[in-house]
Amino acid sequence: MTEFANLIGGNWVGASSGATFENINPSDTGEVLGIFPRSRAEDVDSAVGAARAALAAWKSVPPPERGKILRAAGRIMEAKKEELARVISRENGKTVKGALGDVQSGIDMAYYAAEEGRRWFGKTAHSGLRKRFAMTKRYPVGVVGVITSWNFPMAITCWKTFPALVCGNAVVLKSEENTPETAVHFARIMEEAGLPPGVLNLVHGFGAEAGDALVRHPGVDMISFTGSSATGRIIGANCAARLAKASLELGGKNAVLVMDDADLDLAADGVVCGAFSISGQRCTATSRVIVHEAVYDAFLEKLLSRTSGQRVGPGSDDSSDITPLISERQMNRVLGYVERAKAGGARILCGGERLSGGAYGRGYYVAPTIIENVTPDMEIAREEVFGPVLVLFRAASYEDAIGMLNDSTLALSASLFTRDVNRAFSFFDDAEAGVCYINAPTFGSEPHMPFGGVKQSGLGYREAGWAAIEAFSEVKTLYVDYSARIQNVQFVEEAKLPPALPRGRKIELENSPRLCHGGGRLS
Ligand code: NAD
């Protein structure tokens, strides 16, 4: 059995307590893929210490030079794409084909972030005073703690770490406990690409132990987190308690609206893909479909026929459309939502149960599930399920559908299927969501565009694109006065308004030290 280690200050080491945990294959839960250090506060403390020690030298490396290391990492990832996809497929359960997309997304971010090294722009502005220069310049935030989710173990790690590194931050990455091996390969790639020791540190372990210690550590200046809204609330509060910067990318209850003028075949393809690919374990998975009543029956027929053609199978078989859920806990959670919906009067049109035995063995497989007869106040209509479960609603009009879409505390992504250009653009104004699509599934974010949700789907910043560069840097505002006198911007207006001044008082056109200072009693 392979034993893996933490990476701290350039050394691969076990947890100081010697404790470990097992990494399990979700397609075949009898297979243990590796043993990982179960890190706790003392290991996190060492990793943060190593990051702080490396920070001073790393932040003085010019950003284009930092970008070169990311470009090298992108090239190594390209060369190892297939190998990395196999690691992801084994521990995450998605197909190798699906995992190749996860790796490609990381490669795209490596190249994008590398180029941002030459665009780490500040701004210049005209001063309100004569002979004064005003500008902003970007600096790193410091040590960034990265806490990730397992659903895109490579892409999410890259989407956070590459922008953080190009901005000159040192990083402590807490791997996700269901997908820790991907993080090991990521760290090895960064070593091979030439990242100096200590600039990226990796600790494995559980959220309540290693994750919590990282969030509370006073040496961590910022936490970049992707995970559930429930955990985001805890992390946000712990960051707020010590006024640390926090970027929280959280859950979704994403909806597709199908209007009466939509191409129903396209819409049904988009919904099946959005709801069931990687078993609905996307933050942007389609979990609600709101259909215009005029086309509800026709759309439902197409949806059910496509869903019945979905192949449920292991990640090792590239023809599987729907792969296992990540863990027993997650599977029971998903089935619990379905059971409670049924008990509350919802109608299960297909699926709704675990698939086991035979070809499914001991994997965590749930059949693709479509549910109707759901009221907006039901739990299944409001909470993120994070499984292959879709809930259908009937709307009387576009306005009615928008009302249903926005009646949600989660607001990550939304999509509208229509052929009406006016409605399409109105949707961008009307939909409460961080990412909106027309005639496309609810996922498909690109690395050069900002990504993130509103309401309880996110807090703080956007990831990816220029927004990530802003998130991982601090802006300093800088002035240079070349007037050879002491000027004060607060007195400019006063100096321009002589009539308002008391008669007989001497004024000067330029502010002088005398105007800036007191020197006598005011009574
Ligand atoms: P989770 O919140 O349980 O765990 C996510 C990470 O947080 C893990 O690494 C875990 O170890 C860590 N963690 C848990 N408790 C912690 C604590 N108290 N302090 C510090 N770290 C802690 O999430 P999950 O259920 O494993 O992942 C699925 C969730 O992630 C879904 O809600 C999904 O929507 C969300 N997600 C969001 C995005 C996005 O970009 N918005 C992307 C992917 C996944």
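Residues numbered from 1 in each chain as written. Predicted model: local features only at pLDDT ≥ 70, side-chain atom pairs only at ≥ 80, totals over all residues. Heavy atoms only, no water.

1. A few points about the pattern of salt bridges
Just so we agree on the cut-off: Any carboxyl oxygen of Asp or Glu within 4 Å of a side-chain nitrogen of Lys or Arg constitutes a salt bridge here. In this description a helix means any DSSP run of H or I spanning at least four residues, a strand means any run of E spanning at least two, and both kinds are numbered starting from the N terminus. Classification of residues uses two cut-offs on accessible area relative to the type maximum, computed with a 1.4 Å probe and protein chains only: under 20% is buried, over 50% is exposed, and between them is partly exposed.
What the rule picks out here adds up to 25 salt bridges. The closest approach of N and O atoms between Glu115 and Arg71, which form a salt bridge, is 3.1 Å. Taken together, the residues Glu115 in helix α4 (residues 96–116) and Arg71 in helix α2 (residues 63–79) connect sequence positions 44 residues apart. Note that Lys94 is salt-bridged to Asp102, the shortest N-O span being 3.3 Å. The burial state of Lys94 is the same as that of Asp102; both residues are buried. Connected through salt bridges with shared partners, the residues Asp265, Asp269, Lys302 and Arg306 form a single ionic network.

2. Regarding the site of the ligand
Note the following rule: Any residue with at least one heavy atom within 4 Å of a molecule or strand is counted as near it. Polar contact is defined as a pair of N or O atoms within 3.5 Å, subject to the rule that within protein one atom must be able to donate a hydrogen and the other to accept it, and that residues adjacent in sequence are counted only when both atoms are side-chain atoms. To be clear on the numbers: accessible area is Shrake-Rupley with a 1.4 Å probe, and residue cover counts the displayed protein chains and nothing else. Under the scheme applied, nonpolar residues are Ala, Val, Leu, Ile, Met, Phe, Trp, Tyr, Cys and Pro; charged residues are Asp, Glu, Lys and Arg; polar residues are all the others, including Gly. Domain borders in the structure are assigned automatically or taken from a domain database.
Contacts to the ligand come from 27 residues, most closely from Lys174, Glu177, Ser228, Leu250 and Glu384. Within the backbone of Thr148, a nitrogen or oxygen atom sits 2.8 Å from an oxygen atom of the ligand. Taking Gly207, its main chain carries an N or O atom lying 3.2 Å from an oxygen atom of the ligand. Burial of the ligand by the protein chains amounts to 90% of its free accessible area of 850 Å². Contributions of two or more residues to the shell around the ligand are made by α7 (207–216), β10 (222–226) and α8 (229–241). For the shell around the ligand, the element with the most residues is α7, which contributes four residues. When the residues that make up the shell around the ligand are grouped by side-chain class, the tally is eleven nonpolar, ten polar and six charged. Counting only domains with at least three residues in the shell around the ligand, you end up with domain 1 (6–250 + 462–476) and domain 2 (254–446).

3. Some thoughts on the sheet that holds strand β14 (residues 347–350)
To keep things clear, this is the line we draw: Pairs of strands are assigned from DSSP output, requiring at least two bridges between the strands. Orientation is described by axes fitted as lines to C-alpha atoms, over the contacting stretch for helices, and by angles from 0 to 180 degrees between their N-to-C directions. Working rule for contacts: check all heavy atoms of both residues, and any pair within 4.5 Å makes them a contact.
Pairing within the open sheet is mixed, and its seven strands lie in the order β14-β17-β18-β13-β12-β20-β21. At either margin of the open sheet sits one strand with a lone partner, and together these are β14 and β21 (435–438). Neighbouring strand axes in the sheet, compared pairwise and without regard to direction, differ in orientation by 25° on average. Sheet analysis places β14 next to strand β17 (residues 369–372), joined by three bridges and oriented antiparallel. Following the sheet pairing, Ile348 is matched in β17 by Ile371. Set on the sheet, helix α13 (residues 398–406) makes contact with β12 (254–258), β13 (286–292), β18 (389–395) and β20 (413–417); between it and β18 the angle comes to about 140°. Lying on the sheet, helix α14 (residues 421–430) is in contact with β12, β20 and β21; it crosses β21 at an angle near 170°.

4. A few points about the side chain of Thr95
In this fold, Thr95 is placed in the loop between α3 (81–92) and α4. Of the polar contacts made by the side chain of Thr95, one reaches the backbone nitrogen of Gly98; its length is 2.9 Å.

5. As for the packing of α7 against α8
Relative to each other, α7 and α8 sit at 30°, their axes nearing to 9 Å. In contact with Asp212, Val215 and Arg216 of α7, α8 contributes Ile235, Asn238 and Cys239. Of the residues assigned to the contact of α7 with α8, the class counts are three nonpolar, one polar and two charged.

6. Some details on the domain arrangement of the protein
Worth spelling out the cut-off: When two parts are put together, the accessible area they lose, computed with a 1.4 Å probe and summed over both, is reported as buried area.
Domains assigned within the protein are domain 1 (6–250 + 462–476) and domain 2 (254–446). Spacing between the C-alpha centres of domain 1 and domain 2 amounts to 31 Å. Listed as interface residues are 22 residues of domain 1 and, on the opposing side, 26 residues of domain 2. For the domain 1 and domain 2 pair, buried surface summed over both sides reaches about 1,800 Å², with 58% attributable to carbon and sulfur atoms. At the junction of domain 1 and domain 2, the tally comes to one salt bridge.

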